[in-house]
Amino acid sequence: MSTPGLEDMQQAVINGNIRLARQLAKELVESGADLLQAIERGFAPGIRRVGELWEEGEYFLPELVQGAEAMKAAMDTIHPALEARQGRREPRGRVVIGTVQGDLHDIGKTLVATLLRANGFQVHDLGNDVPIQAFIRKATEVGADIVAGSALLTTTMPGQKALVDAVAEAGLSDSLKVMVGGSPTTARWAAQIGAAHAENAQRAVQVAMELVS
């Protein structure tokens, strides 16, 4: 079976075509092609463009949700194949990730989780609107190396500081690193609260690798 085109993957997500995104992902898996490259050059630019159209006022909530669902359908199809190809080898690291409480955005966070998995990390995605103690409980349960908190609203950014504080209060600062991200966040903000920062999904993978090295 031929490998589906990267542009087709992008457009399926931009158009919010869930059925097509799932079908292209299925064809991608069956083709035996490089899954990570296809995600990074096909589906990922599609969901980034959806976010841009939302910020530009061209897309509204229904289009944003539809694009996110198309991306999710593709990733749900690809994830089992990624795990099968990685086999039972020891994960590069264990990550607990979620969007902090009060924030319902999770497109960027989901993309980060996908790329981390693709690069050999074991990822526990808690979803959005996650209470701080839920991060701590899960991180303790799975022996996480990294806890990652996303915020897409300036009003929920304090939740990232609360996450850093909660890690310290739990006595986990030596073994559990905190990574933050989201469009209103900056490296300066992360430094102020004592966390690592990633400005996009690709960078998040690099930062995660540095944190577990």
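Residues numbered from 1 in each chain as written. Predicted model: local features only at pLDDT ≥ 70, side-chain atom pairs only at ≥ 80, totals over all residues. Heavy atoms only, no water.

At a closest axis distance of 9 Å, the pairing of helix 1 (residues 6–14) and helix 2 (residues 18–31) adopts a crossing angle of 150°. In terms of axis orientation, helix 1 runs roughly antiparallel to helix 2. Crossing angle aside, the handedness with which helix 1 passes helix 2 is left-handed. Listed contacts from helix 2 to Asp8, Met9 and Ala12 of helix 1 are Leu20, Ala21, Leu24 and Leu28. Among the residues making up the contact of helix 1 with helix 2, the classes are represented as six nonpolar, no polar and one charged. (Axes fitted to C-alpha atoms, helices over the stretch in contact; angles between N-to-C directions. Helix = DSSP H or I, 4+ residues; strand = E, 2+ residues; numbered from the N terminus. Parallel < 35°, antiparallel > 145°, perpendicular 65-115°, else oblique. Left-handed = near helix turned anticlockwise from the far one by under 90°. Contact = heavy atoms within 4.5 Å. Nonpolar A, V, L, I, M, F, W, Y, C, P; charged D, E, K, R; others polar.)

Here we take up helix 6 (residues 132–142). Listing the buried residues of helix 6 in full gives Ile132, Ala134, Phe135, Ile136, Ala139 and Val142. Of the surrounding elements, those touching the buried residues of helix 6 are strand 1 (94–99), strand 2 (122–125), strand 3 (146–150) and helix 7 (158–169). (Buried < 20%, exposed > 50% of the residue type's maximum accessible area, 1.4 Å probe, protein only.)

With that settled, consider the sheet that holds strand 2. Sheet architecture is open: five strands sit in the order 2-1-3-4-5, paired in parallel fashion. Strands at the two margins of the open sheet, each flanked by one partner only, are strand 2 and strand 5 (196–197). Bridging between strand 3 and strand 4 (residues 177–181) involves five bridges; their strand directions are parallel. When the sheet's bridge partners are listed, Ser150 is paired in strand 4 with Gly181. Together, strand 1, strand 2 and strand 3 form the strand contacts of helix 5 (residues 107–118), whose direction differs from that of strand 2 by roughly 160°. (Pairing = 2+ DSSP bridges.)

Turning next to the environment of Ala38. Within the secondary structure, Ala38 is located in helix 3 (residues 35–55). A residue is classified by how much of its surface remains accessible, and Ala38, at 5% relative accessible area, is buried. Once the C-alpha coordinates of Ala38 and Val50 are considered, the two residues, twelve residues apart in sequence, prove to be 18 Å apart. Ignoring any residue separated from it by four or fewer positions in sequence, one finds Ala38 in contact with Leu6, Met9, Leu28 and Phe43.

Bringing helix 9 (residues 201–212) into the picture now. One turn of an α-helix holds 3.6 residues; hence residues three or four places apart share an orientation. Helix length check: helix 9, at twelve residues, gives a terminal C-alpha distance of 17 Å against a target of 16 Å (1.5 Å per residue), a fit within 8%. Each element contacted by the buried residues of helix 9 is listed here: helix 5, strand 3, strand 4 and strand 5. Between the side-chain oxygen of the N-cap and the backbone nitrogen of Arg203 there are 2.7 Å, and the N-cap of helix 9 in question is Asn200. (Expected span 1.5 Å × (residues − 1). Polar contact = N/O pair within 3.5 Å; in protein donor to acceptor, adjacent residues only side chain to side chain.)

Turning our eyes to something else, we now look at the pattern of salt bridges. Under the definition given, this model contains eight salt bridges. With a shortest N-O distance of 3.3 Å, Lys138 and Glu141 are connected by a salt bridge. Here the residue Lys138 and the residue Glu141 both occupy positions in helix 6, the gap between them amounting to three residues, near one helical turn. Of the charged contacts in the structure, one is a salt bridge between Glu210 and Arg203, with a shortest N-O distance of 3.6 Å. When salt bridges with common partners are traced through the structure, they connect Arg49, Glu52 and Glu56 into a single cluster. (Salt bridge = Lys/Arg side-chain N within 4 Å of Asp/Glu carboxyl O.)

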